[in-house]
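Structure assessment
Here is how the chains run, residue by residue.
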Amino acid sequence: MKNPVLHRFLRRKVSVAAACVLLVIVLACVLGPVFIHTDPLAQDLLQSYQNPSAEHWFGTDNLGRDTFIRILYGGRNSLKISFEGVALGTVLGVLLGVCAGYFGGVVDTLICRLVDILLAFPGLLLAIAVVAVLGNGMQNTVIAISIFSIPGMARMVRGEVLTLRNSEYIAACRVMGEGNAQIIFTHVIPNAVSQIIVNATLSLGTAILTASSLSFLGLGVTPPDPEWGSMLSQAREVLRSSPLQAVIPGLAITLTVMSFSLVGDGLRDALDPRLKNV
């Protein structure tokens, strides 16, 4: 039997192309270092700023390190930060949104005020503030991304739960004696999972951009570990003499962020219940 959601997604050629690009990037970053055993931290000052060649596909940086290998390892770090940060932010956001929408009253008021406080800060500024308090490092960047991801997810889930809370089948579950926890995890969250998936997918692109921005400012992944944002920051000093050092990480960030956004748009249209009969 044909899957209608998959069929609607495949009809969006741009989203399918973005998914293919994203798959190639993820596989290259995850599996590339497994098969290529070059050390991304290995320095050779006599080989600094070399042009692309058979030995160094994307040339070398200021310390003679292979740019191609550092792009792969940097992508692995960027993707790890983004996935872990968005996953943690999604879990916390879903729990807060469900509690606010389902229980209402004082619980809803307190959670909404907390979310409003987080939303009062621009996203990147909030992440910078968190990292400034906790310090640099990959784990602290993950925490910053998760806090950055909570408000949008919480508000979206709260809105979904408000529409589900007073539905007939939820009232029937209460009459049958099901507890609040059972109703939430068995009926409420599963009915909101499609919107949660879409929101999380769209958040991944923003998370990569935020993580790269933090590293670009020197607040994210600490050198000498590679990361796309820090590589871009180092390359700005030689933008005229070696533009490829800036173009490659910038292109990697752009393609990844655009791909996540386009895939998220495709999923949103495919999972939209108003399109079931289209």
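To keep things clear, this report deals only with the structure shown in the data block. (Residues numbered from 1 in each chain as written. Predicted model: local features only at pLDDT ≥ 70, side-chain atom pairs only at ≥ 80, totals over all residues. Heavy atoms only, no water.)

1. Some remarks on the overall build of the chain
- The number of helices and strands found in the chain is 10 helices and 0 strands.
- In the chain, the succession of α and β elements from N to C terminus is α-α-α-α-α-α-α-α-α-α.
- A principal-axis box enclosing the C-alpha atoms of the chain has dimensions of 75 × 50 × 30 Å.
- The contacts in the chain between residues at least 6 apart in sequence include a share of 72% that link residues at least 24 apart.
- For the chain, the accessible area works out to roughly 14400 Å², and carbon and sulfur atoms hold 66% of it.
- Treating the 19 positive side-chain charges of the chain as one cloud and the 17 negative ones as another, the clouds have centres 10 Å apart. (Helix = DSSP H or I, 4+ residues; strand = E, 2+ residues; numbered from the N terminus. Contact = heavy atoms within 4.5 Å. Areas by Shrake-Rupley, 256 points an atom, 1.4 Å probe, with all protein chains shown as cover. Lys, Arg positive; Asp, Glu negative; His and termini not counted. Charge placed at Lys NZ, Arg CZ, Asp CG, Glu CD.)

2. Focus: the side chain of Thr-201
- With respect to the element layout, Thr-201 can be found in helix α8 (residues 180-216).
- Judged by relative accessible area, Thr-201 falls into the buried class, the value being 11%.
- Within the structure, the side chain of Thr-201 is placed 2.8 Å from the backbone oxygen of Ile-197, a separation counted as a polar contact.
- In this structure Thr-201 touches Phe-260, Val-263, Gly-264 and Leu-267, once residues within four positions along its chain are discounted. (Buried < 20%, exposed > 50% of the residue type's maximum accessible area, 1.4 Å probe, protein only. Polar contact = N/O pair within 3.5 Å; in protein donor to acceptor, adjacent residues only side chain to side chain.)

3. Digging into the packing of helix α4 (residues 105-119) against helix α6 (residues 138-165)
- Here α4 crosses α6 at 135 degrees, and the two axes come no closer than 9 Å. Compared by their axis directions, α4 and α6 come out oblique. Seen along the crossing, α4 lies across α6 with a hand that is left-handed. Contacts from Asp-108, Cys-112, Val-115, Leu-118 and Leu-119 of α4 reach α6 at Ile-147, Ile-150, Pro-151, Ala-154, Arg-155 and Arg-158. (Axes fitted to C-alpha atoms, helices over the stretch in contact; angles between N-to-C directions. Parallel < 35°, antiparallel > 145°, perpendicular 65-115°, else oblique. Left-handed = near helix turned anticlockwise from the far one by under 90°.)

4. Observations concerning the environment of Lys-80
- Inspection of the secondary structure puts Lys-80 in helix α3 (residues 67-103).
- Among the residues examined, Lys-80 registers a relative accessible area of 38% and is labelled partly exposed.
- For the pair Lys-80 and Val-30, spaced 50 residues apart in the sequence, the C-alpha separation amounts to 9.6 Å.

5. Here's the deal with the pattern of salt bridges
- Under the counting rule described, the total for this entry stands at 5 salt bridges.
- The residue Arg-65 makes a salt bridge to Asp-61 at a minimum N-O spacing of 2.8 Å. Note on accessibility: Arg-65 and Asp-61 belong to one class, buried.
- As a salt-bridge pair, Arg-113 and Asp-116 come within 2.8 Å of each other at their nearest N and O atoms. With Arg-113 and Asp-116 both in helix α4 and 3 residues apart, the pair spans about one turn of that helix.
- Asp-116 gets classed as partly exposed once you look at its relative accessible area, which sits at 34%.
- Through salt bridges that share partners, Asp-61, Arg-65 and Arg-70 make up one connected network. (Salt bridge = Lys/Arg side-chain N within 4 Å of Asp/Glu carboxyl O.)

6. What to know about helix α9 (residues 228-235)
- Burial analysis of α9 places 6 of its 8 residues in the buried class, the great majority of the element.
- Trp-228, Gly-229, Ser-230, Met-231, Ser-233 and Ala-235 are the residues of α9 that are buried.

7. So, the packing of aromatic side chains
- Here the structure, examined in full by the defined rule, presents 3 aromatic pairs.
- Measuring from centroid to centroid gives 6.2 Å for Phe-83 and Phe-260, while their planes differ by 70 degrees, and the two rings are edge-to-face. A residue pair is termed long-range when its members are at least 10 positions apart, and Phe-83 in helix α3 and Phe-260 in helix α10 (residues 244-271) qualify at 177 residues.
- Judged by relative accessible area, which is 40%, Phe-83 ranks as partly exposed.
- Judged by relative accessible area, which is 4%, Phe-260 ranks as buried.
- Seen from their ring centres, Tyr-102 and Phe-103 are 5.2 Å apart, and the 85 degrees between their planes marks the pair as edge-to-face.
- Taking relative accessible area as the criterion, Tyr-102 reaches 6% and is therefore assigned buried.
- Phe-103 gets classed as partly exposed once you look at its relative accessible area, which sits at 42%. (Phe/Tyr/Trp six-rings, centres within 6.5 Å; stacked < 30°, edge-to-face > 60°.)

8. Digging into the packing of helix α1 (residues 4-11) against α10
- Packing of α1 against α10 leaves a shortest axis separation of 8 Å and a crossing angle of 135 degrees. With respect to α10, the axis of α1 lies oblique. Seen along the crossing, α1 lies across α10 with a hand that is right-handed. Residue-level contacts link Val-5, Arg-8 and Phe-9 of α1 to Val-263, Gly-266, Leu-267, Asp-269, Ala-270 and Leu-271 of α10.
- Partitioned by chemical class, the residues of the contact of α1 with α10 number 6 nonpolar, 1 polar and 2 charged. (Nonpolar A, V, L, I, M, F, W, Y, C, P; charged D, E, K, R; others polar.)

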